[in-house]
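Secondary and tertiary structure notes
In case you want the letters, here they are:
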Amino acid sequence: MAKFKEGSELQLLITHSVGYDNKESNKNQAIVRAKESAVEIGATWFSILNSLFIIALAPLFSRWWESKYNPSASGKYAIGMLLVGVGTAAVAIGASGIAPGAKTASVSIIWLVLVYLFHTMAELCVSPVALSYISKLVPARMIAMMFGIWYLAVAIGMKLAGMFGEYSEILAAEKGLSTFFWILTIISVVLSVMAFLTAPIFKKLMHGVR
């Protein structure tokens with residue numbers, strides 16, 4: 001512990017809590033408490049989780065698709081959206097302790113790992129299946145155009161996600177960040193239920209294509 005004069009320049013690695021003295025005479029003082037066992041985990045470390053989970057889980061999903069328990073296309077979409085809901089529910093639970101309007105917060109990294117895990121499994125259910133069924137169900141003369149429409153739909157979805165993400169700041173300031181993720185959870189689960197209910201209809205329209 002050390003005292004520094006006002007205006008002193010120093011570099012600190014803050015790994016735990018910082019408490020500020022709100023007394024009028026001590027507004028520029030900060031108390032920093034750190035433990036020797038603290039470990040800094042850079043945000044860039046988490047960027048490898050998606051690739052790691054894909055490499056680890058892709059063979060398992062491939063075996064599942066080749067088995068007699070292989071679900072229909074709509075069933076895979078339903079499972080994928082359900083996994084998206086589970087992932088957003090995990091981060092909603094992790095963010096439940098963040099007060100509305102908080103500028104900074106800390107949560108356990110396990111919640112972020114769970115988000116990557118469930119969303120990667122959802123990606124394995126949806127992304128390759130969509131491309132596969134476009135090539136199987138679309139007439140040969142329209143395959144190139146439908147692939148373009150598929151990626152256009154992805155681009156529109158990413159734009160809408162960005163707009164919704166901007167709204168998260170307003171919602172987090174009013175009702176807390178956890179509420180934002182619970183909204184995403186509800187939307188994902190509703191879409192999953194819709195996909196499950198419409199699965200027999202789409203299966204019939206596919207005329208036996210699997």
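Scroll up to find the structure this text is about.
In this text, all values refer to a predicted model and were calculated from it rather than measured experimentally.

**Thoughts on the nonpolar core**
Leu 57, Phe 61, Leu 83, Met 121 and Cys 125 are the most contacted members of the largest nonpolar core, which has 13 residues in total. Among the secondary structure elements, those contributing two or more residues to this core are helix 1 (47–66) and helix 3 (109–137). In terms of residue count, the dominant contributor to this core is helix 3 (six residues). Listed in part, the six residues of the second largest apolar core include Val 91, Leu 171, Phe 180 and Phe 181.

**Details of the side chain of Asn 70**
Mapped onto the fold, Asn 70 is located in the loop between helix 1 and helix 2 (73–94). Within polar-contact distance, the side chain of Asn 70 engages the backbone oxygen of Trp 65 at 3.2 Å.

**Considering helix 1**
The end-to-end C-alpha separation of helix 1 is 30 Å, in line with the 28 Å expected for 20 residues at 1.5 Å each. The sharpest bend along helix 1 measures roughly 40 degrees and falls at Leu 57, with the proline Pro 59 sitting one to four residues further on. Buried within helix 1 we find Leu 49, Phe 53, Leu 57, Phe 61 and Trp 65. Packed against the buried residues of helix 1 are helix 2 and helix 3.

**Overview of the environment of Tyr 151**
Residue placement: Tyr 151 occurs in helix 4 (residues 143–175). Separated by 20 residues in sequence, Tyr 151 and Leu 131 have C-alpha atoms that sit 9.9 Å apart.

**A word on a nonpolar patch on the surface**
Together, Leu 82, Val 86, Val 189, Val 193, Phe 196 and Leu 197 make up a nonpolar patch on the protein surface, roughly 500 Å² of accessible area in all. The set of elements that each furnish at least two residues to the nonpolar patch consists of helix 2 and helix 5 (177–205). Tallying contributions element by element places helix 5 first for the nonpolar patch, with four residues. Turning to its location among the elements, Leu 82 is positioned in helix 2. Judged by relative accessible area, which is 39%, Leu 82 ranks as partly exposed.

So, how was this worked out
- Residues numbered from 1 in each chain as written.
- Predicted model: local features only at pLDDT ≥ 70, side-chain atom pairs only at ≥ 80, totals over all residues.
- Heavy atoms only, no water.
- Core = buried A, V, L, I, M, F, W, Y, C linked by side-chain atoms within 4.5 Å.
- Buried < 20%, exposed > 50% of the residue type's maximum accessible area, 1.4 Å probe, protein only.
- Helix = DSSP H or I, 4+ residues; strand = E, 2+ residues; numbered from the N terminus.
- Polar contact = N/O pair within 3.5 Å; in protein donor to acceptor, adjacent residues only side chain to side chain.
- Expected span 1.5 Å × (residues − 1).
- Bend = angle between axes of the 7 residues up to and from the residue.
- Contact = heavy atoms within 4.5 Å.
- Patch = residues over 30% accessible without salt bridge, like charges linked within 9 Å, V, L, I, M, F, W, Y side chains within 5 Å.
- Areas by Shrake-Rupley, 256 points an atom, 1.4 Å probe, with all protein chains shown as cover.
- Salt bridge = Lys/Arg side-chain N within 4 Å of Asp/Glu carboxyl O.

By themselves, these figures tell us nothing about what the structure is for.
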